[in-house]
Amino acid sequence: MAHITALIFVQTATEDLRRAAEDRPKRQGTGASLGSDAQRTSDRPFFEEGSVGAARPTVGKRTRYSLKSAAEFIDILSTSDPDEDIASLDVESLFTHVPTQETIEIILDYFYRSGRIPLSIPERLLKEILEAYTMEALFLSHRREIFRQVDGVAMGSSLGVLFANMYMVAVETRTFNSHHRPRIYARYIDDIFISIRESSETMKLADTLKANSVLNFTIKESKDKTLPLLDVFVEKKEDHYATSVFTKDTNVVRCLNARGVSRLL
């Protein structure tokens, strides 16, 4: 019964948080993409800099950085002028490198120290639940060995995407408090698309993101003014960004049988 009660608590809390974290800003005329000038003065990020240097949540505000889908990414490109070069950054092993304790504190700040109506769950209890579901998870290997997750978020965890996004928004807020923000900065989980005036800006941005986190970032420059992101192939034209479906070379167009069963034991 205690396990079921804890599960209900964490589901209620994380669903509320997920809805707030995924709330998107409305488009404001032409060119109002993530990171565009049209949003810089009217919309503050989901997090703002706190008194101890950690990003803190802001009530009623929205993140400008994260994408919800490829369709939203295409919409951003369709309202942006292609007068800059393009590049992408990839967060190396984001889920397994998310600092769970720091991210839990970010979540607690959002719920209990942001001015919003606090949850009915005591802060101490929510903290214990989040720690239990992320730092004390047990796994059975194919060799029948039991392992315990001690840091990072386990792949497949229902909290994985939430923790990754919460931490990344905090990192981005710290970064753009001191670093020039690209005209287009759009991130889907661990893939980041940016527009840049010169190639050196990409390295500077990657270094600043790294300095404000525990993460590493790899850089991919455009080739012949083209660049893939998610399943979208972006081509920079004279007056617009052209998009088409991107298929990886490793795609052999085969799917697992949905009725198939693979037994671990």
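Here is a short report on the structure shown in this document. All residue numbers refer to positions counted from 1 along the written sequence of the respective chain. The predicted origin of the model limits local features to residues at a pLDDT of at least 70 and limits the giving and counting of side-chain atom pairs to 80 or more, whereas totals for whole chains, interfaces and linings rest on all residues. Think of the side-chain values as coming from all heavy atoms in the structure, minus any hydrogens and water.

**Brief notes about the overall build of the protein chain**
Helix and strand content of the protein chain: seven helices and 11 strands. Relative accessibility thresholds used throughout: buried, under 20% of the residue-type maximum; exposed, over 50%; partly exposed, between the two (1.4 Å probe, protein chains only). Across the 265 residues of the protein chain, 45% fall into the buried class. Should any heavy atoms of two residues lie within 4.5 Å, those residues are counted as being in contact. If you take every contact in the protein chain between residues at least 6 apart in sequence, the share linking residues at least 24 apart comes to 67%. Accessible area for the protein chain stands at about 14,800 Å²; split by element, carbon and sulfur atoms hold 52% of it. For the purposes of this entry, the term helix denotes a DSSP run of H or I that reaches at least four residues, the term strand denotes a run of E that reaches at least two, and both are numbered from the N terminus. To be clear on the numbers: accessible area is Shrake-Rupley with a 1.4 Å probe, and residue cover counts the displayed protein chains and nothing else.

**Here's the deal with the sheet that holds strand 7 (residues 191-196)**
Two strands qualify as a pair provided DSSP detects at least 2 bridges between them. Across the sheet, which stays open at both edges, the four strands sit in the order 6-7-3-8 with antiparallel pairing between neighbours. Single-partner strands in this sheet number two, and they are strand 6 (185-188) and strand 8 (217-221). Put simply, the sheet's adjacent strands are angled 20 degrees from each other on average, direction ignored. In this sheet, strand 7 lies alongside strand 6 in antiparallel orientation, the contact comprising four bridges. Each residue of the ladder has a partner; that of Tyr185, found in strand 7, is Ile194. Helix axes use the C-alpha atoms of the stretch in contact, all axes being lines fitted to C-alpha atoms, and the angles between their N-to-C directions lie in the range 0 to 180 degrees. Along the sheet, helix 6 (residues 160-176) makes contact with strand 3 (85-91), strand 6, strand 7 and strand 8, crossing strand 6 at roughly 160 degrees. Those strands touched by helix 7 (residues 200-211) are strand 3, strand 6, strand 7 and strand 8, and its axis lies near 165 degrees from that of strand 8.

**A word on the side chain of Ser213**
Relative to the elements of secondary structure, Ser213 occurs in the loop between helix 7 and strand 8. Judged by its relative accessible area of 14%, Ser213 falls in the buried class. In terms of polar contacts, Ser213 uses its side chain to reach the backbone carbonyl oxygen of Leu209, at 2.8 Å. From its side chain, Ser213 meets the backbone nitrogen of Leu215 in a polar contact 3.1 Å long. The contact partners of Ser213, leaving out residues within four places of it in the chain, are Tyr167 and Val171. Polar contact criterion, stated in full: a pair of N or O atoms within 3.5 Å, where within protein one must be able to donate a hydrogen and the other to accept it, and residues adjacent in sequence count only if both atoms are side-chain atoms.

**Some remarks on the environment of Ala186**
Residue placement: Ala186 occurs in strand 6. For Ala186, a relative accessible area of 0% corresponds to the buried category. When the C-alpha positions of Ala186 and Glu72 are compared, they lie 9.7 Å apart, and in sequence the two are 114 residues distant.

**So, the packing of aromatic side chains**
When two rings of Phe, Tyr or Trp (its six-membered ring) have centres within 6.5 Å they constitute a pair, described as stacked for plane angles under 30 degrees, edge-to-face for angles over 60, and tilted for the intermediate range. By the definition in use, this model includes five aromatic pairs. Their ring planes at 85 degrees and their centres at 5.0 Å tell us that Phe176 and Tyr185 sit as a pair that is edge-to-face. Assessed through its relative accessible area of 12%, Phe176 is described here as buried.

**A short note on the packing of helix 4 (residues 100-112) against helix 6**
At a minimum axis separation of 9 Å, helix 4 and helix 6 run at an interaxial angle of 80 degrees. By the criterion of interaxial angle, the relationship of helix 4 to helix 6 is roughly perpendicular. Taking contact as the criterion, the partners of Thr100, Glu102, Thr103, Ile104, Ile106 and Ile107 in helix 4 are, on helix 6, Phe163, Met166, Tyr167, Ala170 and Arg174. Convention used here: angles under 35 degrees read as roughly parallel, angles over 145 as roughly antiparallel, angles from 65 to 115 as roughly perpendicular, and any remaining angle as oblique.

**Here's the deal with the packing of helix 4 against helix 5 (residues 123-135)**
With their axes 10 Å apart at the nearest point, helix 4 and helix 5 run at an angle of 150 degrees to one another. By the angle class used here, helix 4 and helix 5 are roughly antiparallel. Crossing handedness for the pair helix 4 and helix 5: right-handed. On helix 5, the residues that touch Thr100, Gln101, Ile104, Glu105, Ile107, Leu108, Phe111 and Tyr112 of helix 4 are Glu123, Leu126, Lys127, Leu130, Glu131, Thr134 and Met135. Note that Gly is not counted as nonpolar here; it falls among the polar residues with everything else outside the nonpolar set of Ala, Val, Leu, Ile, Met, Phe, Trp, Tyr, Cys and Pro and the charged set of Asp, Glu, Lys and Arg. Counted by class, the contact of helix 4 with helix 5 contains eight nonpolar, three polar and four charged residues. Helix crossings are classified by the rotation of the near helix relative to the far one: an anticlockwise turn of less than a right angle makes the crossing left-handed, while a clockwise turn makes it right-handed.

**As for the sheet that holds strand 10 (residues 232-236)**
The strand order across the open sheet built from three strands is 9-10-11, with neighbouring strands paired in antiparallel fashion. Across the chains shown, the open sheet's two edge strands, defined by having one partner strand only, are strand 9 (226-229) and strand 11 (241-245). Strand-to-strand twist across the sheet, computed as the mean angle between neighbouring axes with direction ignored, equals 25 degrees. This element, helix 2 (residues 70-78), spans strand 9, strand 10 and strand 11 of the sheet and lies at about 10 degrees to strand 10.

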